[in-house]
Amino acid sequence: MENTAAAGLRLRRRLAPRGDRARRAENRPPEERKATMNEKEISEIRRRFRPDKSNITHVRGCYVNERQEIVAAFDQSLALLPQEESENLLAVLRRTLSGTLGKNLIDMPFSTAQVVDSDEHRLLMALRDSALNDEAAVSALFEKIIAAYRPEGTYLILLAHDTYDVPFRSRDGERQDDASSETYSYVLCSICPVKETKPVLGYSVPENAFHNRGIDWLVGAPALGFLFPAFNDRSADIYSALYYARDDADSHDAFVDAVFRCPPPMPAETQKETFGAVLGDALEEACSFDVVQSVQGGLVEMIEEHKANKEVEPLQISKGTVRAMLTACGVPGENVARFEEQYDAQFGADTALSPRNLVETRKFEVTTPDVTIRVNPACSDLIETRVIDGVRYILIRADDGVAVNGVPIRIEDRSYPEMQE
């Protein structure tokens, strides 16, 4: 097995053609880098995808039919496109850097062994270092994607390369455009569905008449994509890629394995369901309405505070954060210990989660097989549970403004002795 020193030497040789500053940044080991890109860094790169900002000279791509066959491949110069078409093409690419961190935009880390010597990382480096002019590398990526990605219908694969002279930022955050700290060279891949339109009635100005407009094929918003290398600490991070998935309920395991050879991320919706199941199974009888309300309310409060403070780094919590919440709610120690065990089994002992993936910030919902109650999360204290004469009830305080199907009603003042207890 290759020792660490030899691996490091091989890595330095791979990076040798690049400048000293960029090489030092890229060659930092993973433990010295932060976990993932933050929202400011993503926004900084997203702003590149405008005609007056980017150094993108051409976009490569291929159109794939329902039988997973390449119908057409192209290498399109942006300079030869009309301005409106160029802007539209860049806008499609830009949407690959949209969505929520941890849900739609996910860090895909590479191991040191992969960076030193692996087919998947070597291919991504070849695409970047050749500025998409390596025909074999471009074809190899297309083949990997087509073999792993099987959507319904046709789709388009787009590839763009850009070089960004990263403006220097002083310690006080001031940007100095005339002082570039390094050049960030990267590749962005977007995979977009192509939808067939239906014939519609359209107005013809020259004829002053309405006629049927024929069937057309329109490029939709990206469904998948990635940025490589990541832009961590405002510099190239070849130990990481930023993966995009529009549907946060599907991790597209086959695609992730084919392109990154990394463990697929747990989809955000699955994280939410799993977290809820772990709470319920571990706490058992201690999993009361008040405890769940307190935990979810605490997570929502953390999210709101993080947003209000305009924190740069993504908000993450550990099992210790939830343990402290459960303990504060008076959950017995054995149930708290069981929660930690199940957390380790489902997520991993050292795994940090985004609270945004675990709770709904805009709704608080209570359900039974026959009834669903939705309230503003800030007003969840209007709901309580109680057992009256051996029957379980969900009680909602309703002071005024009560309506039934839009009709305002009055609630009669009736006194029930058992309700006074």
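One can find the structure itself at the top, above this paragraph.
Residues numbered from 1 in each chain as written. Predicted model: local features only at pLDDT ≥ 70, side-chain atom pairs only at ≥ 80, totals over all residues. Heavy atoms only, no water.

1. Quick word on the side chain of Arg 48
- Of note, Arg 48 is situated in the loop between helix H3 (39-46) and strand E1 (58-64).
- From its side chain, Arg 48 meets the backbone oxygen of Thr 163 in a polar contact 3.3 Å long.
- Residues within four places of Arg 48 in sequence aside, it is in contact with Lys 53, Ser 54, Asn 55, Asp 162, Thr 163, Tyr 164 and Tyr 186. (Helix = DSSP H or I, 4+ residues; strand = E, 2+ residues; numbered from the N terminus. Polar contact = N/O pair within 3.5 Å; in protein donor to acceptor, adjacent residues only side chain to side chain. Contact = heavy atoms within 4.5 Å.)

2. Some thoughts on helix H8 (residues 253-260)
- Among the residues of H8, those classed as buried are Phe 255, Val 256, Ala 258, Val 259 and Phe 260.
- Note on H8: the residue one or two positions beyond its end, Arg 261, has a positive phi of about 55 degrees. (Buried < 20%, exposed > 50% of the residue type's maximum accessible area, 1.4 Å probe, protein only.)

3. Topic: the packing of aromatic side chains
- Under the criterion given, the structure shown has 15 aromatic pairs.
- Arranged with centres 5.6 Å apart and planes meeting at 80 degrees, the rings of Phe 226 and Phe 260 form a pair that is edge-to-face. Taken together, the positions of Phe 226 in strand E9 (residues 224-228) and Phe 260 in helix H8 put the pair 34 residues apart, joining distant regions of the chain. The same class applies to Phe 226 as to Phe 260, namely buried.
- Members of the aromatic cluster, each reached through a chain of ring pairs, are Phe 110, Phe 226, Phe 228, Tyr 243, Phe 255 and Phe 260. (Phe/Tyr/Trp six-rings, centres within 6.5 Å; stacked < 30°, edge-to-face > 60°.)

4. A closer look at the side chain of Lys 319
- The residue Lys 319 is located in helix H11 (residues 319-328) in this model.
- Judged by its relative accessible area of 19%, Lys 319 is buried.
- Apart from the residues within four sequence positions on either side, Lys 319 is in contact with Phe 339, Glu 340, Tyr 343, Asp 344 and Ala 349.

5. Remarks on the state of the cysteines
- Enumeration over the complete set of coordinates arrives at zero disulfides.
- Considering cysteine sulfurs only, Cys 189 is the nearest to Cys 62, which forms no disulfide, with 9.1 Å between them. (Disulfide = S-S within 2.5 Å.)

6. Describing a negative patch on the surface
- Together, Asp 52, Glu 84, Glu 85 and Glu 87 line one region of the surface with negative charge.
- In this fold, Glu 84 is placed in helix H4 (residues 83-94). (Patch = residues over 30% accessible without salt bridge, like charges linked within 9 Å, V, L, I, M, F, W, Y side chains within 5 Å. Areas by Shrake-Rupley, 256 points an atom, 1.4 Å probe, with all protein chains shown as cover. Salt bridge = Lys/Arg side-chain N within 4 Å of Asp/Glu carboxyl O. Lys, Arg positive; Asp, Glu negative; His and termini not counted. Charge placed at Lys NZ, Arg CZ, Asp CG, Glu CD.)

7. Structural notes on empty space enclosed by the protein
- As enumerated under the stated definition, the model contains one cavity of 30 Å³ or more in all.
- Approximately 50 Å³ is the volume found for the largest cavity.
- Lining the largest cavity are Lys 103, Ile 106, Tyr 243, Ala 245, Asp 247, Asp 248, Asp 250, Ser 251, Pro 265, Pro 267 and Ala 268.
- Class assignment of the residues belonging to the lining of the largest cavity gives a composition of six nonpolar, one polar and four charged. (1 Å grid on protein atoms, 1.4 Å probe; cavity = no way out; pocket = protein on both sides within 12 Å on 5 of 7 lines; lining within 4 Å. Points joined across faces, edges and corners; volume = space filled by probe spheres on them. Nonpolar A, V, L, I, M, F, W, Y, C, P; charged D, E, K, R; others polar.)

8. As for unusual backbone geometry
- In this structure, Pro 229 follows Phe 228 across a cis peptide bond, with omega equal to -10 degrees.
- Within the secondary structure layout, Pro 229 lies in the loop between E9 and strand E10 (230-232).
- Its identity as a non-glycine residue notwithstanding, Leu 132 has a phi of 70 degrees, on the positive side.
- Here Leu 132 lies in the loop between helix H6 (119-129) and helix H7 (135-148).
- Here Lys 310, not a glycine, exhibits a phi torsion of approximately 55 degrees, which is positive.
- We classify Lys 310 as exposed; its relative accessible area is 71%.

9. Description of the pairing of strand E15 (residues 383-388)
- When E15 meets strand E16 (residues 391-396), the two strands line up antiparallel, connected through six bridges. Across the sheet, the residue bridging to Val 387 is Arg 392, located in E16.
- In textbook terms, the turn of a hairpin is the stretch between consecutive antiparallel strands, and for E15 and E16 this stretch comprises two residues, one of which, Asp 389, has a positive phi near 50 degrees. (Pairing = 2+ DSSP bridges.)

10. Some remarks on the pattern of salt bridges
- If you walk through the whole model with that rule in mind, you get 17 salt bridges.
- Notably, a salt bridge pairs Glu 44 with Arg 234, separated by 2.7 Å at the nearest N-O pair. Here Arg 234 lies in the loop between E10 and strand E11 (235-237) and Glu 44 lies in helix H3, a separation of 190 residues in the sequence. Each member of the pair, Glu 44 as well as Arg 234, is classed as buried.
- One salt bridge connects Glu 340 with Arg 323, and the closest N-O pair in it is separated by 2.6 Å. Of this pair, Glu 340 sits in helix H12 (residues 333-347) while Arg 323 sits in helix H11; the two residues are 17 residues apart in sequence, bridging distant segments of the chain.
- With a relative accessible area of 35%, Arg 323 lands in the partly exposed category.

11. Looking at the nonpolar core
- Judged by nonpolar contacts, the single largest core of 38 residues is most densely connected at Leu 127, Ile 145, Ile 157, Phe 226, Tyr 243, Phe 255 and Phe 260.
- If sequence neighbours within four positions are ignored, Leu 127 has contacts with Leu 132, Ala 137, Val 138, Leu 141 and Val 187.
- The next biggest cluster of nonpolar side chains, apart from the first, holds 31 residues, and it includes Ile 42, Cys 192, Ala 230 and Ala 236. (Core = buried A, V, L, I, M, F, W, Y, C linked by side-chain atoms within 4.5 Å.)

12. Topic: the environment of Arg 67
- Note that Arg 67 resides in the loop between E1 and strand E2 (70-77).
- Classification of Arg 67 by relative accessible area gives exposed; the value is 59%.
- Expressed as a C-alpha distance, the spacing of Arg 67 and Glu 152, which sit 85 residues apart in the sequence, is 9.9 Å.
- Reaching out from Arg 67, the side chain makes a polar contact with the side chain of Glu 69 at a distance of 3.3 Å.

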